[in-house]
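# Residue-level structure breakdown
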Amino acid sequence: MNHLALVAIVVRDYDEAIDFYVNVLGFALVEDTRIDERKRWVVVSPPGAREAGLLLARAANPAQEARIGNQTGGRVGLFLDTDDFARDHARMLAAGVAFEGAPRQEPYGTVAVFQDLYGNRWDLIQRRRTGH
């Protein structure tokens, strides 16, 4: 069976990215392996994720540096599911996460847009349960 395993996100610095994703968002550091003098294989994963994570890829040239924080052209491009929106929203606010506005109800669930330390836009979302 195939599954989506990793999504790469371009970061400025490995250690600052690890600090944010692990200590602020509560992700687990799954792997941090040195490849060479400048490159590491760094994977973080949100709580409860079984097979998916983020590969934190340090920008290696000016073109990649220009994409840090804007990999999706300003759109929300990453989605963090939660089973308890109020709990996780409050914890993230207390940790200093920058939300763009108040939580809102959408047909698909409760959602609030936040930015990571580089400005990438994420949805924190608790999906509405359906009868299926």
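Residues numbered from 1 in each chain as written. Predicted model: local features only at pLDDT ≥ 70, side-chain atom pairs only at ≥ 80, totals over all residues. Heavy atoms only, no water.

In the nomenclature of an unreviewed UniProt entry, the protein chain corresponds to Catechol 2,3-dioxygenase-like lactoylglutathione lyase family enzyme from the organism Streptomyces eurocidicus.

### Notes on helix α3 (residues 85-94)
For clarity, the cut-off: Three exposure classes are used, based on accessible area relative to the maximum for each residue type with a 1.4 Å probe and protein chains only: buried under 20%, partly exposed in between, and exposed over 50%. Only DSSP runs of H or I reaching four residues or more are called helices, and only runs of E reaching two or more are called strands; each is numbered from the N terminus. Working note: the arc is built from the helix axis to C-beta atom directions. A contact between two residues is defined here by any heavy atoms of the two lying within 4.5 Å.
For α3, the complete set of buried residues consists of Phe85, Asp88, His89 and Met92. Buried residues of α3, viewed axially, fall in a sector of 100°; they line one side. Of the exposed residues in α3, the ones pointing more than 90 degrees away from its buried face are Ala86 and Ala94. Looking at the packing, one finds that the buried side of α3 touches β6 (98-99), β8 (109-115) and β9 (121-127).

### Examining the sheet that holds strand β4 (residues 53-58)
The following threshold applies: Pairing between two strands is assigned when DSSP locates at least 2 bridges connecting them. Axes here mean lines fitted to C-alpha atoms, for a helix over just the part in contact, with angles spanning 0 to 180 degrees between N-to-C directions.
Spatially, the four strands line up as an open sheet ordered β1-β4-β3-β2, and their pairing is mixed. Both edges of this open sheet fall to β1 (6-11) and β2 (28-34), since each of them pairs with a single strand only. Ignoring strand direction, the axes of neighbouring strands in this sheet form an average angle of 25°. Bridging between β1 and β4 involves six bridges; their strand directions are parallel. For Leu6, the partnering residue across the bridge sits in β4 and is Gly53.

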